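Reading the structure
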Amino acid sequence: MADINTGPNPLFLREDQLHQGMELLFYAYRDFTAECDAILATYGFGRAHHRVLHFVHRNPGLKVAELLDILKITKQSLARVLKELREKGFIAQRPGPDDLRERRLFLTPKGTRLTDKLTELQVQRIAEALKQAGAGADDVTRRFLLAMIEPHERAQVASLVKW
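Let me sum up the structure you'll find in this document. (Residues numbered from 1 in each chain as written. Predicted model: local features only at pLDDT ≥ 70, side-chain atom pairs only at ≥ 80, totals over all residues. Heavy atoms only, no water.)

1. Here's the deal with the packing of helix 2 (residues 47–58) against helix 4 (residues 75–87)
- Contact geometry of helix 2 with helix 4 gives a least axis separation of 10 Å together with a crossing angle of 75 degrees. One element, helix 2, and the other, helix 4, form an angle in the roughly perpendicular class. Contacts from A48, H49, V52 and L53 in helix 2 reach L78, R80, V81, L82, E84 and L85 in helix 4.
- Taken together, the residues of the contact of helix 2 with helix 4 sort by class into seven nonpolar, one polar and two charged. (Axes fitted to C-alpha atoms, helices over the stretch in contact; angles between N-to-C directions. Helix = DSSP H or I, 4+ residues; strand = E, 2+ residues; numbered from the N terminus. Parallel < 35°, antiparallel > 145°, perpendicular 65-115°, else oblique. Contact = heavy atoms within 4.5 Å. Nonpolar A, V, L, I, M, F, W, Y, C, P; charged D, E, K, R; others polar.)

2. With respect to the sheet that holds strand 3 (residues 103–107)
- Taken in spatial order, the three strands of this open sheet run 1-3-2, and their pairing is antiparallel. Each edge of the sheet is formed by a strand with only one pairing partner; in this case those strands are strand 1 (62–63) and strand 2 (91–95). (Pairing = 2+ DSSP bridges.)

3. Considering the pairing of strand 3
- Pairing between strand 1 and strand 3: two bridges, direction antiparallel. Bridge pairing in strand 3 places K63 opposite R104.

4. Focus: the environment of R125
- In this structure, R125 sits in helix 5 (residues 109–133).
- Note on R125: relative accessible area 36%, which makes it partly exposed.
- Residues R125 and D31 lie 94 residues apart in sequence; the distance between their C-alpha atoms is 9.0 Å.
- The residues touching R125, leaving out its near neighbours within four places in the chain, are D31, F32 and E35. (Buried < 20%, exposed > 50% of the residue type's maximum accessible area, 1.4 Å probe, protein only.)

5. Describing the packing of aromatic side chains
- Under the defined criterion, the tally for this structure stands at three aromatic pairs.
- Measuring from centroid to centroid gives 5.9 Å for Y43 and F45, while their planes differ by 15 degrees, and the two rings are stacked.
- By relative accessible area, Y43 is classed as partly exposed at 31%.
- Classification of F45 as buried rests on a relative accessible area of 6%.
- Following the ring pairs from residue to residue traces out a cluster consisting of Y43, F45 and F90.
- If you follow R94 out to its NZ or CZ, it ends over the ring of F106, 4.1 Å from the centre. (Phe/Tyr/Trp six-rings, centres within 6.5 Å; stacked < 30°, edge-to-face > 60°. Lys NZ or Arg CZ within 6 Å of the ring centre and 35° of its normal.)

The following block contains the structure:
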């Protein structure tokens, strides 16, 4: 894509339109996370906890190393979050089936209940937004969001979201 400041944009969007789109992403993310943030706060959790719960829920038996790669956070940050989730009974950690040094992550029933509650809120928000956006919005939105991801990571992300 051409640089928005030096050449024509293939979508014929002006710079102010692109800035508006960026702002809308900020506002949408604020509202997408708000209800979940309030629920997580009652447990003393934040968005990092939510992301861990989400990805472990979607990928039971996920290795800690794989989770680090998905989240792009430091080992220290993840260790703190995992410790809290384990101590409060939301995550279980088990050794790998072939390599006992591997740490595999699973949600406990308590973790599944919380994650299902958070997921339901966000799925409802997405469903309503897509409904309001009209026919074809689902496919366009997925393609747009995938295009926002670094090119060298798109195939991996597409496989993780089972697209």
